[in-house]
Amino acid sequence: FTVRQGHELVLPLVGTVSLKGVLPGELAGFLTTQLAHQLRDPRVQARAMVRVAIEGAVARPGFYSVPVGALLGDAFMAAGGPTPTARMGEARGERGGEGGD
């Protein structure tokens, strides 16, 4: 399931669960506790993901979901890696509209 804007997770038969203030490492435990109010012995596997845009000279430009702790190179390879004409020395990353190398 995907967390919606406002840090809310909508689960069928359970409803909306707020994840505001929950750290990525606390996600599975927090959800287990919340679901235990409505389900008997819930077993939760959760992984925090972040959505990134990969553009430029890659095989498959677009938006990708990668684990929060993933390296930028992992996201780059999810997009199929560089094309033969890519100039890797000019590659850069941006976060929040601010460029970086």
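Quantities reported herein were computed from a predicted structural model and do not represent experimental measurements.

Give me the lowdown on the pairing of strand 1 (residues 8–11), citing residues and values where you can.
Alternating residues of strand 1 divide into Leu-9 and Leu-11, all buried, and Glu-8 and Val-10, none buried. Between strand 1 and the antiparallel strand that follows it, strand 2 (residues 15–18), lie three residues; Leu-13 among them carries a positive phi value of about 65°.

Can you explain the nonpolar core? Please cite residues and give values.
Among the nonpolar cores identified, the biggest contains nine residues, and these are Leu-9, Leu-11, Val-14, Val-17, Leu-19, Leu-27, Leu-31, Leu-35 and Ala-48. Listed by contribution, the elements that provide at least two residues to this core are strand 1 and helix 1 (27–35). Looking at this core element by element, the count peaks at three residues for helix 1. When neighbours within four sequence positions are excluded, Leu-35 is seen to be in contact with Leu-11, Val-14, Pro-42 and Val-44. Counting residues in hydrophobic clusters, the runner-up holds six residues, among them Ile-54, Val-66, Ala-75 and Ala-79.

Residues and numbers for the pattern of salt bridges, please.
For the structure shown, the criterion picks out two salt bridges. For the salt bridge of Glu-90 with Arg-87, the shortest nitrogen-to-oxygen distance reads 3.2 Å. This pair shows no difference in class: Glu-90 is exposed, exactly as Arg-87 is. Here Glu-94 makes a salt bridge to Arg-92, at a shortest N to O gap of 2.6 Å.

Reading guide: rules and limits
- Residues numbered from 1 in each chain as written.
- Predicted model: local features only at pLDDT ≥ 70, side-chain atom pairs only at ≥ 80, totals over all residues.
- Heavy atoms only, no water.
- Buried < 20%, exposed > 50% of the residue type's maximum accessible area, 1.4 Å probe, protein only.
- Helix = DSSP H or I, 4+ residues; strand = E, 2+ residues; numbered from the N terminus.
- Pairing = 2+ DSSP bridges.
- Core = buried A, V, L, I, M, F, W, Y, C linked by side-chain atoms within 4.5 Å.
- Contact = heavy atoms within 4.5 Å.
- Salt bridge = Lys/Arg side-chain N within 4 Å of Asp/Glu carboxyl O.

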